[in-house]
Amino acid sequence: MLAQALTGIHVIEVAAYIPGPACTQILVGMGAQVTKVERPGGDPMRVMPPLDARGESPQFRVLNRGKAHLTLDLKLAEDVARLRELAQRADVLVDGFRPGVLERLGVGASTLCAANPRLIYCAISGFGATPGDSVLAGHDLNFVARSGFLAMTSVDGEPAMPGAQLADLTSGLMAATTILGALHARERSGRGGVVDVPMDAAMRWLMEPWYAVEQAGVPVSRERGHILAGDLACYRIYRTADGRHLAVAALEAHFWERFCKAIGRPDLAAHQHDGDQVGLGAAIATAIEVRPLEAWAQIFAQVDACVTPVRTVAEAAAEGVAHLELPVG
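Residues numbered from 1 in each chain as written. Predicted model: local features only at pLDDT ≥ 70, side-chain atom pairs only at ≥ 80, totals over all residues. Heavy atoms only, no water.

Draft legend 1. Looking closely at the packing of aromatic side chains. By the definition in use, this model includes four aromatic pairs. Pairing Trp-256 with Phe-259 gives two aromatic rings, centres 5.7 Å apart and planes at 35°, and the pair type is tilted. Placement of the pair is Trp-256 and Phe-259 together in helix H10 (residues 253–262), with a separation of three residues, close to one helical turn. Taking the relative accessible area as the measure of exposure, Phe-259 reaches 0% and is therefore buried. (Phe/Tyr/Trp six-rings, centres within 6.5 Å; stacked < 30°, edge-to-face > 60°. Helix = DSSP H or I, 4+ residues; strand = E, 2+ residues; numbered from the N terminus. Buried < 20%, exposed > 50% of the residue type's maximum accessible area, 1.4 Å probe, protein only.)

Draft legend 2. How the structure looks around helix H1 (residues 19–29). The buried count for H1 comes to 11 of 11 residues, which makes it a mostly enclosed element. Inspection of H1 places Pro-19, Gly-20, Pro-21, Ala-22, Cys-23, Thr-24, Gln-25, Ile-26, Leu-27, Val-28 and Gly-29 among the buried residues, and these make up the whole buried set.

Draft legend 3. Molecular detail of the sheet that holds strand S8 (residues 193–198). An order of S3-S2-S1-S4-S5-S8 is seen for the six strands of this open sheet, with the pairing classed as parallel. Each edge of the open sheet is held by one strand with a lone partner, namely strand S3 (68–71) and S8. Sheet twist, expressed as the mean angle between neighbouring strand axes with direction ignored, is 20°. Bridging between strand S2 (residues 33–38) and S3 involves four bridges; their strand directions are parallel. (Pairing = 2+ DSSP bridges. Axes fitted to C-alpha atoms, helices over the stretch in contact; angles between N-to-C directions.)

Draft legend 4. Up close: the pairing of strand S9 (residues 235–239). Sheet analysis places S9 next to strand S10 (residues 245–249), joined by five bridges and oriented antiparallel. Following the sheet pairing, Arg-239 is matched in S10 by His-245. As consecutive antiparallel partners, S9 and S10 are separated by five residues, and within that stretch Gly-243 has a phi angle of approximately 80°, a positive value.

Draft legend 5. Main features of the packing of helix H6 (residues 140–147) against helix H7 (residues 166–189). Running from N to C, H6 and H7 point in directions that differ by 90°, and their axes come no closer than 7 Å. With respect to H7, the axis of H6 lies roughly perpendicular. Contact residues: H6 offers Asp-140, Phe-143 and Val-144, while H7 offers Leu-166, Ala-167 and Asp-168. Taken together, the residues of the contact of H6 with H7 sort by class into four nonpolar, no polar and two charged. (Parallel < 35°, antiparallel > 145°, perpendicular 65-115°, else oblique. Contact = heavy atoms within 4.5 Å. Nonpolar A, V, L, I, M, F, W, Y, C, P; charged D, E, K, R; others polar.)

Draft legend 6. Structural detail: unusual backbone geometry. Cis geometry is found at the peptide bond from Pro-49 to Pro-50, where omega equals 5°. Assignment of secondary structure puts Pro-50 in the loop between S2 and helix H2 (58–64). Even without being a glycine, Tyr-17 presents a positive backbone phi close to 60°. Position of Tyr-17 among the secondary structure elements: in the loop between strand S1 (10–14) and H1. Owing to a relative accessible area of 32%, Tyr-17 belongs among the partly exposed residues under this scheme. We note that Cys-306 has phi near 60°; this positive angle belongs to a residue other than glycine. With respect to the helices and strands, Cys-306 occurs in the loop between helix H12 (293–300) and strand S11 (307–309).

Draft legend 7. Inspection of the environment of Glu-56 at higher detail. Assignment of secondary structure puts Glu-56 in the loop between S2 and H2. Residue class for Glu-56 comes out partly exposed when judged on its relative accessible area of 33%. Along the sequence, Glu-56 and Ala-216 sit 160 residues apart, while their C-alpha atoms lie 49 Å from each other. For Glu-56, the residues in contact, after removing those within four places along its chain, are Arg-46, Pro-50, Leu-51 and Arg-61.

Draft legend 8. Summary view of the side chain of Gln-277. Of note, Gln-277 is situated in helix H11 (residues 277–288). Its relative accessible area of 9% is what places Gln-277 among the buried residues.

Keep in mind these values describe shape, not function.
The following block contains the structure:
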C-alpha cells in the first residue's frame with residue numbers, strides 16, 4: 001500500500017517555518033518516521049500568528065503532525081554529537097538553513113555523509129549552494145516576486161499579494177519528490193548523496209510555461225492577456241448578485257456550450273472565440289449577476305462545465321482538510 005511506502009525510513013528534519021516541514025510531512029504521509037530537531041525555544045512557526053485559543057499555531061500543527069520532536073542546541077558540543085549520532089543511523093536529513101550553516105556547526109553534508117554513506121542529505125535553501133545569491137536571505141514573497149509570478153497576478157497594474165505560500169510549499173513538494181528519487185537510486189547503488197533544492201528554482205519551475213512563451217518571442221505581461229490569464233471570456237472570474245464570485249474555466253467547446261445554456265444564453269455558444277472578447281465577457285457578466293453564488297453553485301453542481309464557486313477559506317475548510325497523504329491501494 002502506498003500509505004506505507006516509506007515504512008522503515010527514518011528522516012531527520014533540521015528545518016523551521018514551512019518548506020522543510022512541508023517536505024517531511026509528505027514523507028510522514030507515506031509512512032516515514034520523522035524526527036524534527038528544533039532549536040531551544042522551538043520552531044518560530046509554533047507562535048507565528050494567527051494563533052488559536054491555546055496560543056498555538058494551527059499551521060505549525062498541520063505541518064508537523066505525526067513527527068517526533070527533539071530539542072537540540074547546536075552551539076553545544078554534546079548536542080552536535082547527538083545530531084551526528086542520529087544522522088549515522090538515518091536514511092534522510094533535511095537541512096532548511098542557508099548553505100554552510102550546518103557545515104560550520106560540524107554537522108554539514110560532508111561530515112554526515114562521510115560517516116553514513118547511505119544518508120541522503122537534502123538541502124532546502126533560498127538559492128542553493130552555488131556561490132553568489134546563496135548568501136542572500138529571502139522569504140516566500142521574495143521568490144514569488146523574482147520568478148515573475150507577481151507580475152502575472154497584478155490588479156489594475158499593481159502586483160497582488162498571493163493568498164498562499166507558493167514558493168515555500170512548492171519547494172517542499174519538490175524536495176520530497178527529489179528525496180523519493182534519491183531513495184530509489186540508493187536501492188540500485190547502495191549509496192546516498194546530497195540533493196539541493198533552491199526555493200528560487202522551485203518557484204521558477206512554476207513559471208516555466210510562461211518563460212517558454214517569452215522565449216518564443218511572444219512578450220508576456222498580465223496586461224497583454226493570454227488565454228489562461230483572462231484573455232478569453234470563457235476563462236474568467238465573474239461577480240454574482242450577492243457580491244461573491246464564480247470561476248468559469250469552460251475552455252473546451254462542449255463545456256462552453258453547457259455553460260451558455262445554464263446561464264440562459266445559449267445564443268453565446270457560437271461566439272466563444274469571437275474577436276470581441278470584451279463584449280462577450282460583458283454579456284456573460286450581465287447573465288451571472290442575476291443570481292447569488294449559492295444559486296449558481298446548485299445549478300453547476302448538476303452541469304459538467306468546469307464552473308466553480310470562489311469559496312472562502314472557512315467554506316473550503318468546512319468541506320474537509322486535504323492531508324498530505326497518499327491514497328491506500
